[in-house]
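Architecture and fold: a report
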Amino acid sequence: AAATASASLLAPAASSTAPAASPNALFFPSSVPSLRAYPRLLLAFRCPAAAAQGAVLEEEEAEADQRDQYDDDDGYEGGRGPPFTAPTRPRTGKAALPLKRDRTRSKRFLEIQKLREIKKDYDVPTAISLMKRMSHAKFVESAEAHFRMNLDPKYNDQQLRATVNLPKGTGQSVKIAVLTQGEKIDEARAAGADIVGGEDLIEQIKGGFMEFDKLIASPDMMPKVAGLGKILGPRGLMPNPKAGTVSPNITQAIEEFKKGKVEYRVDKSGIVHIPFGKVDFPEEDLIANFMAVVRSVERNKPSGAKGIYWKTAYLCSSMGPSIKLNIKEMLDY
């Protein structure tokens, strides 16, 4: 009985067709037992009858547990159950978006995409004409320019932020609010400002009033406007001298933004995004606005820019595919 119990504890159970184990298998097992087997092994030598009975009971309990596990209502009688899958958290944000290979485009986009060659670099007139042909949305789309610059905006000497006056306008109506005091309030209203105020307008903005596209302030109001940084900063509405929204000449600043003055800046990845009109503009007007944008970006080159300044340049409409430009031809145009 001790030999039988010891053999069942040291070696795995043999099948019915396997040959009988040799007598030396008791003392020289083919597989080394785990640490959990040693207490039971010691019990087998001290109390052979109890060890044999305990081994039989353990085998019967294991078989019963296995039957109970797979003989439920799942229909797996005596076989293996379904593979275990760990519960996963629902994906949110960018992780929830489908992969690029799984995304599908609309029929409209696929049709207009055939009008251009993907890897071809176009000159400015051809790109403008092609952009107008590929605009098929139900509304008048904006014409946009996207430039990848060799800049790292985390360094102060590589930040690009400026304004450009589009000679043919933006095609959009701009609602301008002015923060000033004294006699300049009447000058701002006469120049065409939509909203004019002083400390009363500051209190309205603190209360959540944001019904304007541009906020212009006179220099004497800037100490009072400083408290609005947390509200206006994330929306890009904070008055700034580099953006032309802090000026002693309120009348001139209002006229420039009404005619088509656009502010632009490089984002954290080194890309500049600038709208320069509407696709229903004549081609000559779009070319004039676009070349004004290119000259402004070239003229405001940061002092810390090293090596190649322009990396890539693209044109596109709001809902259309992009068109790659030949940078050398664009700068020489």
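Residues numbered from 1 in each chain as written. Predicted model: local features only at pLDDT ≥ 70, side-chain atom pairs only at ≥ 80, totals over all residues. Heavy atoms only, no water.

1. Remarks on the overall build of the protein chain
This is how it is decided: Helix and strand assignments come from DSSP, with helices taken as H or I runs of at least 4 residues and strands as E runs of at least 2, each series counted from the N terminus. Working definition: with a 1.4 Å probe on protein chains only, accessible area under 20% of the residue-type maximum means buried, over 50% means exposed, and in between means partly exposed. It only takes one pair of heavy atoms within 4.5 Å for two residues to be counted as in contact. The Shrake-Rupley method, run with a 1.4 Å probe sphere, supplies the accessible areas, and residue values consider only the shown protein chains as cover.
Each helix and strand counted, the protein chain has twelve helices and nine strands in total. Classification of the 333 residues of the protein chain by burial places 34% in the buried group. When contacts within the protein chain are restricted to residue pairs at least 6 apart in sequence, those whose partners lie at least 24 apart make up 69%. Of the accessible surface of the protein chain, which amounts to about 21400 Å², a share of 52% is contributed by carbon and sulfur atoms.

2. Quick look at the side chain of Ser-296
Tracing the chain through its elements places Ser-296 in helix α11 (residues 283-299). Apart from residues no more than four positions distant in its own chain, Ser-296 is found in contact with Thr-163, Val-164 and Tyr-264.

3. A look at the packing of helix α6 (residues 184-191) against helix α10 (residues 250-259)
Between two packed helices, what matters for the description is the angle formed by their axes and the separation of those axes. Defined as follows: Every angle, taken between N-to-C directions, lies between 0 and 180 degrees, and every axis is a line fitted to C-alpha atoms, over only the stretch in contact when it is a helix. Note on terminology: angles under 35 degrees are roughly parallel, angles over 145 are roughly antiparallel, angles of 65 to 115 are roughly perpendicular, and the others are oblique. Rotating anticlockwise by less than a right angle from the far helix to the near helix defines a left-handed crossing, while the corresponding clockwise rotation defines a right-handed one. Only Asp, Glu, Lys and Arg are considered charged, only Ala, Val, Leu, Ile, Met, Phe, Trp, Tyr, Cys and Pro nonpolar, and every remaining residue, Gly among them, polar.
Contact pair α6 / α10: the axes reach a minimum separation of 9 Å and the direction vectors enclose 25°. The orientation of α6 with respect to α10, classified from their angle, is roughly parallel. As α6 runs across α10, the sense of the crossing is right-handed. Here Lys-184, Glu-187, Ala-188 and Ala-191 of α6 come into contact with α10, specifically with Ile-250, Thr-251 and Ile-254. Broken down by class, the residue content of the contact of α6 with α10 amounts to four nonpolar, one polar and two charged.

4. Notes on the sheet that holds strand β9 (residues 323-324)
Operational definition: Any two strands with at least two DSSP-identified bridges between them are counted as paired.
Spatial ordering of the open sheet is given by β7-β1-β8-β9, a layout of four strands whose pairing is antiparallel. Edge positions in the sheet fall to β7 (271-278) and β9, since each of these pairs with one other strand and no more. By the bridge criterion, seven bridges tie strand β1 (residues 142-149) to strand β8 (residues 310-317) in an arrangement that is antiparallel. Paired with Phe-147 across the bridge in β8 is Ala-313.

5. A closer look at the packing of helix α5 (residues 124-133) against α11
Closest axis-to-axis distance for the α5/α11 pair is 10 Å, and the angle between their directions is 120°. It follows from the interaxial angle that α5 and α11 lie oblique. The two elements α5 and α11 meet at a crossing, and its hand is right-handed. Only Glu-283, Leu-286, Ile-287, Phe-290 and Met-291 of α11 make contact with α5, whose side of the interface consists of Val-124, Pro-125, Ile-128, Ser-129, Met-131 and Lys-132. Counted by class, the contact of α5 with α11 contains eight nonpolar, one polar and two charged residues.

6. Focus: the packing of aromatic side chains
Heads up, the condition is: By convention, a stacked pair of Phe, Tyr or Trp rings (six-membered ring in the case of Trp) has centres within 6.5 Å and planes under 30 degrees apart, an edge-to-face pair has planes over 60 apart, and any other such pair is tilted.
One pass over the structure, following the stated rule, counts five aromatic pairs. Where Phe-147 meets Phe-290, the ring centres are 6.0 Å apart and the plane angle is 55°; that geometry is what we call tilted. Here Phe-290 lies in helix α11 and Phe-147 lies in strand β1, a separation of 143 residues in the sequence. Pair check on accessibility: Phe-147 and Phe-290 agree, each one buried.

7. A few points about α11
Heads up, the rule is: One fewer than the residue count of a helix, multiplied by 1.5 Å, yields its expected span.
For α11, built from 17 residues, the straight-helix expectation of 24 Å at 1.5 Å per residue is met to within 8% by its first-to-last C-alpha distance of 24 Å. Of the positions making up α11, those classed as buried are Leu-286, Ile-287, Asn-289, Phe-290, Met-291, Ala-292, Val-293, Val-294, Ser-296 and Val-297.

8. Brief notes about the pattern of salt bridges
Applied cut-off: Every case where a carboxyl oxygen of Asp or Glu lies within 4 Å of a side-chain nitrogen of Lys or Arg is listed as a salt bridge.
For the coordinates displayed, the defined rule picks out eight salt bridges. The partner of Asp-121 in a salt bridge is Lys-324, and the shortest N-O contact between them spans 4.0 Å. With Asp-121 in the loop between α4 (107-113) and α5 and Lys-324 in strand β9, this residue pair connects regions lying 203 residues apart in the sequence. Taking the relative accessible area as the measure of exposure, Lys-324 reaches 29% and is therefore partly exposed. Linking Arg-161 and Glu-263 is a salt bridge whose minimum nitrogen-to-oxygen distance equals 2.8 Å. Here Arg-161 is found in strand β2 (residues 161-165), whereas its partner Glu-263 is found in strand β6 (residues 261-265), with 102 residues between them in sequence. A network of salt bridges, in which partner residues are shared, links Arg-161, Lys-214 and Glu-263.

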